[in-house]
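Structural description and commentary
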Amino acid sequence: MEIRNQTSVSDFLLLGFSAHPEQQPLLFGLFLGMYLVTVLGNLLIIMAIGSDQHLHTPMYFFLANLSFVDTCFTCTIVPKVLANILTQRHAISHTGCLVQMYFFMALALLDDFLLAVMAYDRYVAICLPLHYTTIMCPQRCLLLVAASWLCSHLLASSLTLLMSQFSFCASHAIPHFFCDLLPLLKLACSDTHFFQVLMFAEAALSGVVPLTCVLVSYAHIIHTVLRVPSAGGKHKVFSTCGSHLSVVTLFYGTLFLVYFQPSSTYSAEIGMVASVIYTMVTPMLNPFIYSLRNRDMKGALLGLFDSERCSTQ
């Protein structure tokens, strides 16, 4: 009996979509298809940018990093979801749960910072075009990406370390398909007041601040574009920035819906639906949004396929 209790304490159950057994085959096929499209699409973006010398610019350097992060982000969550649906074994160890939560938070925060960096890059390119090469030099681009990686991992590690100190004396069934922050908090019987204060502070730092940077950048961009006399020039700028704005709106909208609320009012159903959007749908759509609205990316992808075809002949 003692061994059984220790096992139940060391494991969590990811209930996920187990309440709908008749939908399991459909969900497995849907999530597998989205996962494959996400990984393939983002890897193609990275390969196209790496193979085309014309795309070795700051904007595409940041895009390649975003595609890499989206691939890692999806791989942190979806394989475990697919394995749970296929085997109907929903257990995850306490350590495995914390590791998944850590990488989920770190990569989600990294997405936040990279989207802000990309907005700043567009602001400099459109509003300060004569100083663009000086401001967005390779050293500064590397510094911005490195700072984004460092900050995201530091913020994620602080919350993960605090969560590892909690005891879970109630049910160990998590009504979610991965180890997310708020569902785990609902199970903790320790005092979580300090954790929630820190969580909201980090959410403000890593969510509100980058989003403010994005909004300020685009306010300057719109002000500059409106003074462009030609309609063609305006259309070119808006088509370049529209892809980024679409991704920002989808990503931030779902994140704010889930995380900017007290844990006491957290709804598992709403949380799962929103989580599917930002963990699976958004990373899958990003390659299409950036490639279909971008002439240079379409040309690079076509060149990549042509080179592959020539090498096989």
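Computed from a predicted model, the values in this text were never measured in an experiment.

Before going further, it helps to spend a moment on the state of the cysteines. By definition, a disulfide links two cysteine residues through a covalent bond between their sulfur atoms. Throughout the structure, instances matching the rule amount to 1 disulfide. Disulfide partner of Cys 97: Cys 179, at an S-S distance of 2.0 Å. Given an S-S torsion of about -120°, the disulfide between Cys 97 and Cys 179 has left-handed geometry. Note that Cys 97 is positioned in helix H4 (residues 94–127) and Cys 179 in the loop between strand E3 (173–174) and helix H7 (181–187), a separation of 82 residues in sequence.

Within the secondary structure layout, Ala 188 lies in the loop between H7 and helix H8 (193–225). Since its relative accessible area comes to 16%, Ala 188 is described here as buried. Considering only alpha carbons, one finds Ala 188 and Phe 166, 22 residues apart in sequence, at a separation of 6.3 Å. If we ignore the near neighbours within four places in the chain, the residues touching Ala 188 are Phe 166, Ser 167 and Phe 168.

Next up on the list: the environment of Leu 250. With respect to the helices and strands, the residue Leu 250 is situated in helix H9 (residues 231–259). Taking relative accessible area as the criterion, Leu 250 reaches 28% and is therefore assigned partly exposed. Here the alpha-carbon distance between Leu 250 and Val 281, two residues 31 residues apart in the chain, equals 9.3 Å. Here Leu 250 is in contact with Ile 277, Thr 282 and Leu 285, once residues within four sequence places are set aside.

Turning next to the packing of helix H3 (residues 58–87) against H4. Where H3 contacts H4, the two axes come as close as 10 Å, and the packing angle between them is 160°. By the criterion of interaxial angle, the relationship of H3 to H4 is roughly antiparallel. Of the two possible hands of crossing, H3 and H4 adopt the one that is left-handed. Taken together, the residues of the contact of H3 with H4 sort by class into 18 nonpolar, 3 polar and 5 charged.

Looking at the secondary structure, you find Gly 242 in helix H9. As a C-alpha pair, Gly 242 and Tyr 290 span 48 residues in sequence and 9.2 Å in three-dimensional space.

We now examine the UniProt feature "transmembrane region" (unreviewed entry) in the chain. UniProt marks residues 26–48, 60–79, 99–120, 141–174, 194–216, 237–260 and 272–292 with the feature "transmembrane region" (unreviewed entry), using the numbering shown here. Helix makes up 100% of residues 99–120 and strand makes up 0%, while its end C-alpha atoms are separated by 32 Å. Split by type, residues 194–216 is 100% helix and 0% strand. Its first and last C-alpha atoms lie 32 Å apart.

Conventions adopted
Residues numbered from 1 in each chain as written. Predicted model: local features only at pLDDT ≥ 70, side-chain atom pairs only at ≥ 80, totals over all residues. Heavy atoms only, no water. Disulfide = S-S within 2.5 Å. Helix = DSSP H or I, 4+ residues; strand = E, 2+ residues; numbered from the N terminus. Buried < 20%, exposed > 50% of the residue type's maximum accessible area, 1.4 Å probe, protein only. Contact = heavy atoms within 4.5 Å. Axes fitted to C-alpha atoms, helices over the stretch in contact; angles between N-to-C directions. Parallel < 35°, antiparallel > 145°, perpendicular 65-115°, else oblique. Left-handed = near helix turned anticlockwise from the far one by under 90°. Nonpolar A, V, L, I, M, F, W, Y, C, P; charged D, E, K, R; others polar. UniProt positions renumbered as here; feature names shortened; annotations may be inferred.

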